[in-house]
Amino acid sequence: MEIRKVDGNTPFCMAAISGNVEIATILLEKNPNLVWSRGHKDMLPIHLASSAGHPRMVEFLFQNTRQDIHINLPFPDIVTLFFLTITNNIYTVAWNLLDKYPILASTENEERRTPLQVLAQLPLCQNAPGYQDILSLLFEGMEEEFLNSERTSEAMFDAAKSGNVMILEFIFKYNPALLTKVNSEGQSLLHIAILHRHVTVYRLIKSKGAYKNVMLQLVDYDGNNVLHLAGKLAAEGRFGSPMHQVLICSEELWFKEVEKTAPPALKTKVNRDGWRPREVFYREHKELSEKAVCELNGIANNFLVVGTLVVTLGISAALTIRTNNISGETPVFDQNRWYIIFIVSVAFGISFCAVSMLLFTSVILPSKWMPDQCFVSFRLTRIVGGCLLLYASVGILGTISVMSGTVLVYNFFPKWIFCAIASLSAIPVILSFVIYHYSLYLAKHLILAFCEEAAMRTLSRVGIKWTPFYFG
């Protein structure tokens, strides 16, 4: 069991790399010294399990080594293990190491980064076991000199870039003076939060009152204020969607939100290139908006074809249904009432479809894009409204009209036939909602965003301050 293979690993090392705790337990019962048998790159099994990202295996190995770790493991290996655990989100083991060796709080890794700097570059993992505990222990073990050092400032800006708001809260708690710091480009934390589109960091800084007001007045070394940076195009990967219309809508909503917070004087300030914030937004997003408009035009064209077919079928059904002798007996109602239901449902279905076609047509018509009008957002809202009306039209024509028309034509069938027909006619309506669920999802987010904006305006008129912030 202690024989090392060609790659340098023992069977126990292979079990550690694969994360198979059951096999590791069996091997360890036969030979307890296997936990100290080094493998690939002269790494211990616990190092290999940490680098492979197996929390359960790492905790198992740590429980079997913690009693003798200070004897059998040199301090450089302990440092390596500590940085491997915090990099791979194994914070319970990292907390135990830091609790036993407080000097790890100021130790550097191979890249000359402290644990705080490493954690600041990682996304927020507040739900990971032990994450908040290790942050608390890390800051409690820091000396005042280290809290005021340049490394802590770098960690603060890294946390703002990655959106790690928990680290920022700890930094502000232990050293609020760092709020006024700027990075090598002359950008404050507020600039970083706006530039990288981190809503939680933006909210945290807004809650700081006087510090926020100071940061709003700062400009970077290129003369950009917060509105200039809000107008810059963010990377597409941050939004998690390749659809250009979603990106441009998010950018428009973000620019409007920052514009509400910024003083009016900043709206007319020019940067070193001589551009105002709205001009920066227009230039940066012009290509993206053109791609979004092309996508929206294609979507509107497709739905316009569907709407034309639905209107044609509805009008054809209304003209071809028989109208003579409509006073006979039918299931549930007499023929006269069924005829009224049929005509009214066709009328509503065609009307809804016609309005949806009008909305789709308004999207296709050419118009000039202006950044202050949320042009793409309005187009997308019209498409969503048209989709909802088209779904309603298909639902009415596909269920009520089909059911009532069938009764009028085939009233001699038993009642259960009409119940079966009604169920079958509802299937395409349900499928249409399932197939186009994304449109409904997008509609929900747009409706919430615009409702929050309307609520803010209404409440501000009566003196209630409330800043909505919804970005789907």
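Worth saying up front: this structure is predicted, and the values here are computed from it rather than measured.

*Asks:* Whenever I open this one, the overall build of the protein chain confuses me. Can you help?
*Replies:* Scanning the protein chain from N- to C-terminus turns up 22 helices and zero strands. A buried classification covers 45% of the 472 residues belonging to the protein chain. Long-range contacts, defined as pairs at least 24 residues apart, comprise 73% of the intrachain contacts of the protein chain with a sequence gap of at least 6. In the structure as shown, the protein chain presents an accessible area of about 23900 Å², 60% of it carried by carbon and sulfur atoms.

*Asks:* Got a minute to help me understand the UniProt feature "transmembrane region" (unreviewed entry) in the protein chain in this structure?
*Replies:* Taking the UniProt record as the reference, the feature "transmembrane region" (unreviewed entry) is found at residues 299-319, 339-365, 386-410 and 416-436. Summarising residues 299-319: 100% helix, 0% strand, and an end-to-end C-alpha distance of 31 Å. With 96% helix and 0% strand, residues 339-365 has end C-alpha atoms that lie 39 Å from one another.

*Asks:* Please explain unusual backbone geometry as it appears in this structure.
*Replies:* The residue Lys41 is not glycine, and still its phi comes out positive at about 55°. As for its placement among the helices and strands, Lys41 is situated in the loop between helix H2 (21-30) and helix H3 (45-52). Of note in this structure, Arg112 is not a glycine but carries a positive phi near 60°. Its location among the elements puts Arg112 in the loop between helix H7 (91-100) and helix H8 (115-121). For Arg112, a relative accessible area of 55% translates into the label exposed.

*Asks:* So what exactly am I meant to see when it comes to a nonpolar patch on the surface here?
*Replies:* Side chains of Ile340, Val344 and Phe348 sit close together on the surface and give an oily, nonpolar patch of about 270 Å² of accessible area. Assignment of secondary structure puts Phe348 in helix H19 (residues 335-364). For Phe348, a relative accessible area of 45% corresponds to the partly exposed category.

*Asks:* So what exactly am I meant to see when it comes to the packing of helix H12 (residues 165-174) against helix H14 (residues 199-206) here?
*Replies:* To characterise two packed helices, one gives the angle between the axes of the helices and the distance between these axes. Running from N to C, H12 and H14 point in directions that differ by 20°, and their axes come no closer than 10 Å. When the axes of H12 and H14 are compared, the pair comes out roughly parallel. Pair H12 / H14 crosses with right-handed handedness. Residue-level contacts link Val165, Leu168, Glu169 and Phe172 of H12 to Thr200, Val201 and Leu204 of H14. Looking at the contact of H12 with H14 residue by residue, the class counts come to five nonpolar, one polar and one charged.

*Asks:* Mind showing me how you'd approach the UniProt feature "repeat: ANK" (unreviewed entry) in the protein chain here?
*Replies:* According to UniProt, the "repeat: ANK" (unreviewed entry) feature falls on residues 7-34. Across residues 7-34, helical content stands at 64% and strand content at 0%; the span's end C-alpha atoms are separated by 17 Å.

*Asks:* Can you walk me through the side chain of His198 in this structure?
*Replies:* Considering the arrangement of structural elements, one finds His198 in the loop between helix H13 (189-195) and H14. Its relative accessible area of 18% is what places His198 among the buried residues. A distance of 2.5 Å separates the side chain of His198 from the backbone oxygen of Lys161, its partner in a polar contact. Excluding its chain neighbours within four sequence positions, the residues that come into contact with His198 are Ala160, Lys161, Ser162, Gly163, Ala193 and Trp254.

*Asks:* In this structure, what is going on with the packing of aromatic side chains? I would like to understand it.
*Replies:* Both the distance between ring centres and the angle between the ring planes are used here to describe each pair of aromatic rings. For the structure shown, the criterion picks out nine aromatic pairs. Measuring from centroid to centroid gives 5.5 Å for Phe139 and Tyr174, while their planes differ by 20°, and the two rings are stacked. Here Tyr174 lies in helix H12 and Phe139 lies in helix H9 (residues 131-140), a separation of 35 residues in the sequence. A relative accessible area of 1% places Phe139 in the buried class. Among the aromatic residues, those joined into a cluster by ring pairs are Phe139, Phe170 and Tyr174.

*Asks:* Teacher, can you tell me more about the packing of H9 against H12 here?
*Replies:* Direction vectors running N to C along H9 and H12 enclose 30°, while the axes themselves pass 11 Å from each other. If you check the angle between H9 and H12, you find them roughly parallel. Where H9 crosses over H12, the handedness of that crossing is right-handed. Where H9 approaches H12, its residues Tyr131, Gln132, Leu135, Ser136, Phe139 and Glu140 are matched on the opposing element by Met166, Ile167, Phe170, Ile171 and Tyr174. A breakdown of the residues in the contact of H9 with H12 according to their chemical character gives eight nonpolar, two polar and one charged.

Criteria and cut-off values
- Residues numbered from 1 in each chain as written.
- Predicted model: local features only at pLDDT ≥ 70, side-chain atom pairs only at ≥ 80, totals over all residues.
- Heavy atoms only, no water.
- Helix = DSSP H or I, 4+ residues; strand = E, 2+ residues; numbered from the N terminus.
- Buried < 20%, exposed > 50% of the residue type's maximum accessible area, 1.4 Å probe, protein only.
- Contact = heavy atoms within 4.5 Å.
- Areas by Shrake-Rupley, 256 points an atom, 1.4 Å probe, with all protein chains shown as cover.
- UniProt positions renumbered as here; feature names shortened; annotations may be inferred.
- Patch = residues over 30% accessible without salt bridge, like charges linked within 9 Å, V, L, I, M, F, W, Y side chains within 5 Å.
- Salt bridge = Lys/Arg side-chain N within 4 Å of Asp/Glu carboxyl O.
- Axes fitted to C-alpha atoms, helices over the stretch in contact; angles between N-to-C directions.
- Parallel < 35°, antiparallel > 145°, perpendicular 65-115°, else oblique.
- Left-handed = near helix turned anticlockwise from the far one by under 90°.
- Nonpolar A, V, L, I, M, F, W, Y, C, P; charged D, E, K, R; others polar.
- Polar contact = N/O pair within 3.5 Å; in protein donor to acceptor, adjacent residues only side chain to side chain.
- Phe/Tyr/Trp six-rings, centres within 6.5 Å; stacked < 30°, edge-to-face > 60°.

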